[in-house]
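# Observations on the three-dimensional arrangement
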Amino acid sequence: MTQSVLVLNSGSSSVKFQLLEPDSGRSLAEGIVERIGEGSSAAALTAGTTHLERNDPVADHAAALRTMASLLEEAGIRLADQDLLAVGHRVVHGGPDLHRPTPVDDALLDRLRELAPLAPLHNPPAILGIEVGREALPDVPHVAVFDTAFFSDLPASAATYAIDRDVAERYRIRRYGFHGTSHQYVSEQAAVFLDRPLTSLRQIVLHLGNGASASAIVGGRPVDTSMGLTPMEGLVMGTRSGDIDPGIIFYLNRTAGMEVGDIESMLNRRSGVRGLGGEVDFRVLHQRIESGDEAARLAYDVYIHRLRKYIGAYLAVLGGADVITFTAGVGENDPAVRRDALSGLGVFGIELDEHLNESPASGARRISAEGAPTAVLVIPTDEELAIARACADVLGGGRGDG
Ligand code: ADP
């Protein structure tokens, strides 16, 4: 039987899962259990042509994994009968020293608990996911794969905040970067698509999903990225502000009497495209813009302006780009965002083929004009596959080509 990996992505009220074969890349099943701890959950699973949904209450993360196992069984997949190589856990923050995919043991869990203050919104649910995952599947190796890993050797000039050096060192404040699994996977796929050596390429990768981040990559190694100590820095996102003047925080604290927690919640959950335009889904945002909604228009314009600023910055960091790649929900599916992000950049060798950009398509594709010096690509990200392959590599059961 071909070996498979179960990939878990545990959030505060949801668990996303996918069962896939690292060798072939084939996905056997994927799904999500949402609204954990609420009155009724929303659980769904797709396996081939089978699609299942449930709405029974799911009390906690352990119950979410039981729901997952029972949905898989209903689709004819018994985890106990699988040749399960590993359970791969997405962990957002690896802190200053966890860079490699790491088999989970008690010591690693302790280290992750120590790091929790660095990523208070993201790491605690991942730790919980690992704890309940180990209880549910005690005989399978569990591996933690870190979102920060790819950016661990950012050049010091890009990783360092210009703040008091002693304070930064004591509290391990630096730019860590996130979505690393996606940026690495997509930049490698871009080289494969172009049939050019990864080592020869200057790349900009734009991961535009609900969370959004940009990276500048030379020869397969990142030289800058837009997210920082936390995933709040950088681009405007679905619900996060991205870059702001830190003075706003002090001002709100002193003048509006908002507590730090309230401000953090506002910047994470009620800002970005939703905060400005009242909507997080770009499909709806476009409809609202078409019907004359000024707030939606402004949200879109602010989003695009910030994106263009980062593209410009990274063109300067790189001295020009050989390839710019769009990925994730917005990047893969929204031709208007791609067009508006890159319009008028012909002087930098960047020119889209309007028809290729607008044509509905899935899969890796080129959307730049014939002969334009910078290749512009759309490449679907696949963080689960990248995590599954990282597990196979670290456990020595996979392809062995890294
Ligand atoms: P996450 O960061 O949660 O993984 P995704 O990468 O799945 O997010 O991106 C989700 C977002 O992608 C949605 O909120 C929506 O704005 C956008 N999106 C998905 N499909 C489309 C589409 N067809 N057109 C425009 N935007 C889309």
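Structural data are supplied above this passage.
The present account deals with the structure reproduced in this document.

The rules behind the values
- Counting restarts for each chain, with residues numbered from 1 along the sequence as it is written.
- Local features are withheld for residues below a pLDDT of 70 in this predicted model, meaning they are given only at 70 or higher, and side-chain atom pairs are given and counted only at 80 or more; totals for whole chains, interfaces and linings count all residues.
- By convention in this description, side-chain values take in all heavy atoms of the structure and omit both hydrogens and water.
- For helices, the axis comes from a line fit to the C-alpha atoms of the stretch in contact; other axes are also lines fit to C-alpha atoms, and the angle between any two N-to-C directions lies between 0 and 180 degrees.
- Elements are defined by DSSP. Helices are runs of H or I of four residues or more, strands are runs of E of two residues or more, and each kind is numbered from the N terminus.
- Comment on the angle field: the value is read as roughly parallel under 35 degrees, roughly antiparallel over 145, roughly perpendicular from 65 to 115, and oblique elsewhere.
- Each helix crossing is assigned a hand: it is left-handed if the near helix lies turned anticlockwise from the far helix by less than a right angle, otherwise right-handed if that turn is clockwise.
- Residues count as neighbours in contact if any of their non-hydrogen atoms are within 4.5 Å of one another.
- Note on definitions. A residue lies near a molecule or strand when any single heavy atom of the residue is within 4 Å of it.
- Each polar contact in these results corresponds to two N or O atoms within 3.5 Å; when the atoms are within protein, one needs to be able to donate a hydrogen and the other to accept it, and residues that are neighboring in sequence are counted only if both atoms are side-chain atoms.
- The Shrake-Rupley method, run with a 1.4 Å probe, gives the accessible areas here. Residue values count only the displayed protein chains as cover.
- As a working rule, the residues Ala, Val, Leu, Ile, Met, Phe, Trp, Tyr, Cys and Pro are called nonpolar, Asp, Glu, Lys and Arg charged, and the rest polar, with Gly in that last group.
- What we call a nonpolar core is a set of buried Ala, Val, Leu, Ile, Met, Phe, Trp, Tyr and Cys residues that are connected through their side-chain atoms within 4.5 Å.
- For every residue, the accessible area (1.4 Å probe, protein chains only) is compared with the maximum for its type, and the residue is labelled buried under 20%, exposed over 50%, or partly exposed between those bounds.

## Quick word on the packing of helix α7 (residues 247-255) against helix α8 (residues 260-269)
- Relative to each other, α7 and α8 sit at 135 degrees, their axes nearing to 10 Å. Classified by the angle their axes make, α7 and α8 are oblique. Between α7 and α8 lies a crossing of right-handed hand. Here I249, L252 and N253 of α7 come into contact with α8, specifically with V260, I263, M266 and L267.

## Describing the site of the ligand
- Lining the immediate environment of the ligand, one finds G209, N210, G211, V280, D281, F282, R283, A328, G329, V330, N333 and D334.
- Note that an oxygen atom of the ligand is positioned 3.5 Å from one of the backbone N or O atoms of V280.
- In this structure, an oxygen atom belonging to the ligand sits 2.9 Å away from a main-chain N or O atom of F282.
- In isolation the ligand has 580 Å² of accessible area, and contact with the protein removes 70% of it.
- Breaking the shell around the ligand down by element, the ones donating at least two residues are α10 (282-290) and α12 (328-333).
- Looking at the shell around the ligand, its residues break down into four nonpolar, five polar and three charged.

## Some words on the nonpolar core
- If you look at the biggest cluster of nonpolar residues, it comprises 56 residues, and the most contacted ones within it are L112, L206, L208, Y303, L307, V337 and L342.
- Of the residues forming this core, the biggest block, eleven residues, is contributed by helix α11 (residues 294-318).
- In this structure L112 touches V91, H93, L98, N123, I127, I130 and F146, once residues within four positions along its chain are discounted.
- Among the nonpolar cores identified, the runner-up in size contains 30 residues, and L85, A86, A390 and A392 belong to it.

In short, the description is geometric, and any link to function would need to be established separately.
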